[in-house]
Amino acid sequence: MRSLHVDEYNHDDCANEYDEDVKNELSDPIRAGYEATLQWVVDYANVNEKSRVLELGSGTGNLTRKIKTCREIVCVDISTKMEKLGATKLSHLANRSFIEDDILEILIKDIGFFDTIVSTYTAHHLIDEEKKVFFKRIWNRLSPGGIAVFGDLMLETEASRKLQIDSYRKRGEETTAVAIEEEFFWVVDDSVLELEKTGFDPVDVKRFSDLSYGIGAKKPASR
Ligand SMILES: C[S@@+](CC[C@H](N)C(=O)[O-])C[C@H]1O[C@@H](n2cnc3c(N)ncnc32)[C@H](O)[C@@H]1O
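The paragraphs below set out a description of the structure included in this document. This one's a predicted model, so the numbers in the text were calculated from it and none came from an experiment.

**Topic: the overall build of the protein chain**
1) Next: What the protein chain contains, in helices and strands, is 7 helices and 8 strands.
2) Next: Its C-alpha radius of gyration of 16 Å places the protein chain within 12% of the 17 Å reference for a compact globule of 223 residues.
3) Next: The dimensions of the protein chain, computed from C-alpha atoms along their principal axes, are 50 × 40 × 30 Å.
4) Next: Counting all 223 residues of the protein chain, 56% fall into the buried class.
5) Next: Of all intrachain contacts in the protein chain linking residues separated by at least 6 positions in sequence, the fraction that spans at least 24 positions is 69%.
6) Next: Only carbon and sulfur atoms are counted for the fraction: they give 50% of the accessible area of the protein chain, which is about 10,500 Å².

Below you can see the structure in the form of structure tokens.
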């Protein structure tokens, strides 16, 4: 089953503006910390020439392009327009393929196992129940000793959601307030608990701005 909002969050309509938009780190709280988050994800993932990598929500390739080398990378996104722009940046990765699909559904298809699974600024389009399924499916797609690394829009706790919405609204940041209300920003505490329950150990968290965090989760070699 595809995720509930996959068609709504297909970025075809904003593909042409996306790479300019993510540069607005100083003026847009949603974009603050974008580059640092992507860089942390790649550093934490520590991909090498032997790694088989899966990227979920590859967009215009801004994360992919930071990966210098790997054995193989499979990129997944629902937007073929984002992919078309991304493909032009990624010629250094010889063994790269693209699959147009939903990030939740692809994980139960016959795509083999991966050493590393990365995803940035995409899973906040999954509702909370889907995120739990997402973590379990990622676990099942990782080889023992594998790593999952995420960078995304997150709130520290469920209790901080309303405080954040009110705070942005008061400051006249209506677009940000609405994004927190309408999208499905991760809740860091709950996500860490869920990842640990799934079996990941350790689970590491790093904050890059008010709303951008990274989470790295390792699948023990014995599992
Ligand atoms: C905000 S962009 C992030 C792109 C890139 N990872 C980055 O960090 O710049 C989100 C991407 O996820 C895709 N997307 C959103 N929901 C999706 C889903 N359920 N399945 C597959 N792709 C999805 C969109 O088409 C878009 O390309």
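The discussion continues.
**Some thoughts on the packing of helix H5 (residues 160-170) against helix H6 (residues 174-182)**
1) Next: Two elements in contact, H5 and H6, have axes whose closest approach is 7 Å; the angle formed by their N-to-C orientations is 160°. In terms of orientation, H5 lies roughly antiparallel with respect to H6. For H5 against H6, the interelement crossing comes out left-handed. Between H5 and H6, the residues in contact are Arg161, Gln164, Ile165, Tyr168 and Arg169 and Glu174, Thr176, Ala177, Val178, Ile180 and Glu181, respectively.
2) Next: Within the contact of H5 with H6, the residues separate by chemical class into 5 nonpolar, 2 polar and 4 charged.

**Describing unusual backbone geometry**
1) Next: A cis amide bond links Asp201 with the next residue in sequence, Pro202, at an omega value of 0°.
2) Next: Mapped onto the secondary structure, Pro202 falls in the loop between helix H7 (188-198) and strand E7 (203-207).
3) Next: In this model, Asn46 sits at a positive phi of 50°, which is unusual for a non-glycine residue.
4) Next: Position of Asn46 among the secondary structure elements: in the loop between helix H2 (34-45) and strand E1 (52-56).
5) Next: Judged by its relative accessible area of 59%, Asn46 falls in the exposed class.

What counts and what doesn't
Throughout, a residue's number is its position along its own chain's written sequence, starting from 1. Restriction of local features to residues with pLDDT of at least 70 applies here, the model being predicted, together with a cutoff of 80 or more for giving and counting side-chain atom pairs; totals for whole chains, interfaces and linings are based on all residues. To get the side-chain values, take all heavy atoms of the structure and skip hydrogens and water. Secondary structure elements are defined from DSSP: runs of H or I of at least 4 residues count as helices, runs of E of at least 2 residues count as strands, and each element is numbered from the N terminus. It is over C-alpha atoms that the radius of gyration is taken, and the globule rule equals 2.2 Å times the number of residues to the power 0.38. When a residue's accessible area, from a 1.4 Å probe over protein chains only, is under 20% of the maximum for its type it is buried; when over 50% it is exposed; and in between it is partly exposed. The contact definition used throughout considers only heavy atoms, calling two residues in contact when any of these lie within 4.5 Å. Note on areas: Shrake-Rupley with a 1.4 Å probe; residue coverage comes only from the protein chains shown. Helix axes are fitted only over the stretch in contact, all axes being lines through C-alpha atoms; the angle between N-to-C directions runs from 0 to 180 degrees. Each angle receives one of four descriptions, namely roughly parallel if under 35 degrees, roughly antiparallel if over 145, roughly perpendicular if within 65 to 115, and oblique otherwise. The crossing is said to be left-handed when, going from far helix to near helix, the turn is anticlockwise and less than a right angle, and right-handed when the turn is clockwise. As a working rule, the residues Ala, Val, Leu, Ile, Met, Phe, Trp, Tyr, Cys and Pro are called nonpolar, Asp, Glu, Lys and Arg charged, and the rest polar, with Gly in that last group.

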